[in-house]
2 protein chains.
Amino acid sequence: MSHIFKKHLEKFIEISDEEFQEVLPYFTQAHLKKKETIMEKGQICNYHYFVLEGCLRKFFINDKGVEHTTEFAIETWWITDNIAYEHLLQSEFSIQAVERSEILMISHAAQEELLTMHPKMERYFRFVYQRAYAASQMRIKYLYDYTREELYLHFCKKHPYFIQRIPQYLIASFLGFTPEYLSELRRKMLS
Amino acid sequence: MSHIFKKHLEKFIEISDEEFQEVLPYFTQAHLKKKETIMEKGQICNYHYFVLEGCLRKFFINDKGVEHTTEFAIETWWITDNIAYEHLLQSEFSIQAVERSEILMISHAAQEELLTMHPKMERYFRFVYQRAYAASQMRIKYLYDYTREELYLHFCKKHPYFIQRIPQYLIASFLGFTPEYLSELRRKMLS
């Protein structure tokens, strides 16, 4: 399945087959079962995960015991606790497979070495973070600007494939709703 | 004041005086008066701004006429509408000086050329975006997790220099409060 990763890299940088064969060994491929946890809150965050197929989510459970999903990652998206990964700290989040998933994972040390040995990967990761940052800025704008109902409508419009794939209770957890509120909203929209 | 930028670059990459002298002409230095607007919502976002001294803020006004400050940038921070800047679109935000400020600005085309001519700047910008992304992920976590009172307390603890420097009505606008609610909270905390 590594061709998915190569095709993705080629959107950002030129990379020959030979060079890709040198890059690939820095990564480990892993298969995750549905609901399998790949990172637990409190563990040292040593890995950065790239989704080849499937879907992961990042979440935390607050002091009141409420679970909040702060991020989903589908095909060709990266996910980790970025502050913890950069500084090798305990993660404040857990990461779990929403569906059966195939991923690539790279350790902090391997990523550092990859960037030193293949400086063009700096360009690739610059794009990855730049786009992720830009998207999270828009998300913050929506959190300021939209009512809960508008948040849901916007999410449906922007990510129709999520609505199909992801269980409703996780979408509720991502939007900061109770599952009951989301059901009510859906009923209202259908009527 | 370009030594501030050089010192900042040196936190991330090795750069000689000669190389820095080649990098610097890609940037323009500008002086902003207090409350001067450097980018207006609706303009094509062609610049990325780096604060040498002072403070900028990014904001938008929603359909109801309410102004929301989504970001501040103080010394050595970058600011722009990142999606609009990458794709040269109309900005969804305005950027304004909170105080008298000295900034460096770089156009989209100049940044592209800089990255091509000085690939080590890819590493620098990779770090800039990586850290900005990591910080915005934590911010999203707090928006999920904290009550409005907790948001304010956390902000005071984490950014005491902001509380000193930035007018209360802008802090209120950043935290999604009305100025009246913030005054009330401050009174409550002091009593």
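Sequence order as written defines the numbering, with residues in each chain counted from 1. A letter from A marks each chain and a number from 1 marks each ligand, given out in the order of writing. Local features are withheld for residues below a pLDDT of 70 in this predicted model, meaning they are given only at 70 or higher, and side-chain atom pairs are given and counted only at 80 or more; totals for whole chains, interfaces and linings count all residues. Side-chain calculation: all heavy atoms of the structure are included, whereas hydrogens and water are not.

A. Spotlight on the nonpolar core. Counting residues in each nonpolar core, the largest one holds 84 residues, and the members touching the most others are Phe5 and Tyr124 of chain A together with Phe5 and Tyr124 of chain B. Working rule for contacts: check all heavy atoms of both residues, and any pair within 4.5 Å makes them a contact. In this structure tyrosine 124 of chain A touches Phe5, His8, Leu9, Phe12, Ile13, Phe50 and Trp78 of chain A, once residues within four positions along its chain are discounted. Throughout this description, the term nonpolar core refers to a set of buried Ala, Val, Leu, Ile, Met, Phe, Trp, Tyr and Cys residues connected via side-chain atoms within 4.5 Å. For each residue, the accessible area found with a 1.4 Å probe, counting protein chains only, is set against the maximum for its type, and the residue is called buried under 20%, exposed over 50%, and partly exposed in between. Core analysis: the second largest hydrophobic core is formed by 51 residues, Leu151, Leu170 and Ile171 of chain A together with Ala172 of chain B among them.

B. Structural view of the relation of the copies chain B and chain A. We superpose the copies by least squares over the C-alpha atoms of residues that have a pLDDT of at least 70 in both of them. When chain B is fitted to chain A, the best match, at an RMSD of 0.0 Å, comes from turning it 180 degrees and sliding it 0.0 Å along the axis. Here the two chains are linked by the operation of a two-fold rotation axis. Taken together, the interface assignments show that 100% of the residues at the interface of chain B recur at the interface of chain A, consistent with an identical surface on both copies.

C. Seen up close, the packing of aromatic side chains. Two aromatic rings from Phe, Tyr or Trp, using only the six-membered ring of Trp, form a pair when their centres are within 6.5 Å; if the ring planes differ by under 30 degrees the pair is stacked, by over 60 it is edge-to-face, and anything between is tilted. Here the structure, examined in full by the defined rule, presents 44 aromatic pairs over all chains. Ring geometry for tryptophan 77 of chain A versus phenylalanine 162 of chain A: centroids 6.0 Å apart, planes at 65 degrees, classification edge-to-face. Here tryptophan 77 of chain A is found in the loop between β5 (67–73) and β6 (78–79), whereas its partner phenylalanine 162 of chain A is found in helix α7 (residues 160–165), with 85 residues between them in sequence. Note on phenylalanine 5 of chain B and phenylalanine 27 of chain B: the rings are 5.0 Å apart at their centroids and 65 degrees apart in plane angle, and the pair reads as edge-to-face. Placement of the pair is phenylalanine 5 of chain B in helix α1 (residues 2–9) and phenylalanine 27 of chain B in the loop between α2 (17–23) and β1 (28–32), with a sequence separation of 22 residues. A single burial state applies to phenylalanine 5 of chain B and to phenylalanine 27 of chain B, both of which are buried. One aromatic cluster in this structure is built from Phe5, Phe12, Phe20, Phe27, Phe50, Trp78, Tyr124, Phe125, Phe127 and Tyr129 of chain A. Helix and strand definitions follow DSSP, with helices as H or I runs of at least four residues and strands as E runs of at least two, each counted in order from the N terminus.

D. Seen up close, the pattern of salt bridges. By convention in these notes, a salt bridge is any Lys or Arg side-chain nitrogen within 4 Å of a carboxyl oxygen on Asp or Glu. A complete count under the given rule lists 24 salt bridges over all chains for this structure. Lysine 120 of chain A is paired through a salt bridge with glutamate 19 of chain A; the nearest N and O atoms lie 3.1 Å apart. In this pair, lysine 120 of chain A is assigned in helix α5 (residues 120–145) and glutamate 19 of chain A in helix α2 (residues 17–23), connecting sequence segments 101 residues apart. Classification of lysine 120 of chain A as partly exposed rests on a relative accessible area of 29%. Measuring nitrogen to oxygen at the nearest pair gives 3.0 Å for the salt bridge that ties glutamate 75 of chain B to arginine 165 of chain B. Remark: arginine 165 of chain B occurs in helix α7 (residues 160–165) and glutamate 75 of chain B occurs in the loop between β5 (67–73) and β6 (78–79); sequence separation between them is 90 residues. Arginine 165 of chain B sits in the partly exposed class, given a relative accessible area of 30%. Within this structure, Lys6, Glu10 and Asp17 of chain A form a network of salt bridges that share partners.

E. Up close: helix α9 (residues 179–190) of chain A. All names here are of chain A. Multiplying one less than the number of residues by 1.5 Å gives the expected span of a helix. Compared with an ideal rise of 1.5 Å per residue, which puts 12 residues at 16 Å, α9 spans 17 Å between its outermost C-alpha atoms and is within 8% of the ideal. Residues Tyr181, Leu182 and Leu185 constitute the buried set of α9. Viewed along the axis of α9, the buried residues span an arc of 100 degrees, placing them on a single side of the element. The exposed residues of α9 that point more than 90 degrees off its buried face are Glu180, Arg187 and Leu190. The elements touched by buried residues of α9 are α6 (148–158) and α8 (168–175). In this description, one arc is meant: the one made by directions from the helix axis to the C-beta atoms.

F. Main features of the interface of chain B and chain A. Facing 42 residues of chain B, the contacting portion of chain A comprises 42 residues. In total, about 3900 Å² of surface goes out of reach between chain B and chain A, with carbon and sulfur atoms giving 58% of it. Three residues, Arg126, Tyr133 and Tyr144 of chain B, lead the burial of chain B against chain A; their summed loss comes to 19% of the area buried on that side. The interface formed by chain B and chain A includes eight salt bridges. One salt bridge connects glutamate 92 of chain B with lysine 141 of chain A, and the closest N-O pair in it is separated by 3.3 Å. It is helix α5 (residues 120–145) of chain B that contributes the most residues to the side of chain B that touches chain A, 21 residues altogether. For the side of chain B that touches chain A, the class distribution of residues is 17 nonpolar, 12 polar and 13 charged. Buried area adds together the accessible area that both of two parts lose upon being put together, with accessible area traced by a 1.4 Å probe. Under the scheme applied here, ten amino acids are nonpolar (Ala, Val, Leu, Ile, Met, Phe, Trp, Tyr, Cys and Pro), four are charged (Asp, Glu, Lys and Arg), and all others, including Gly, are polar.

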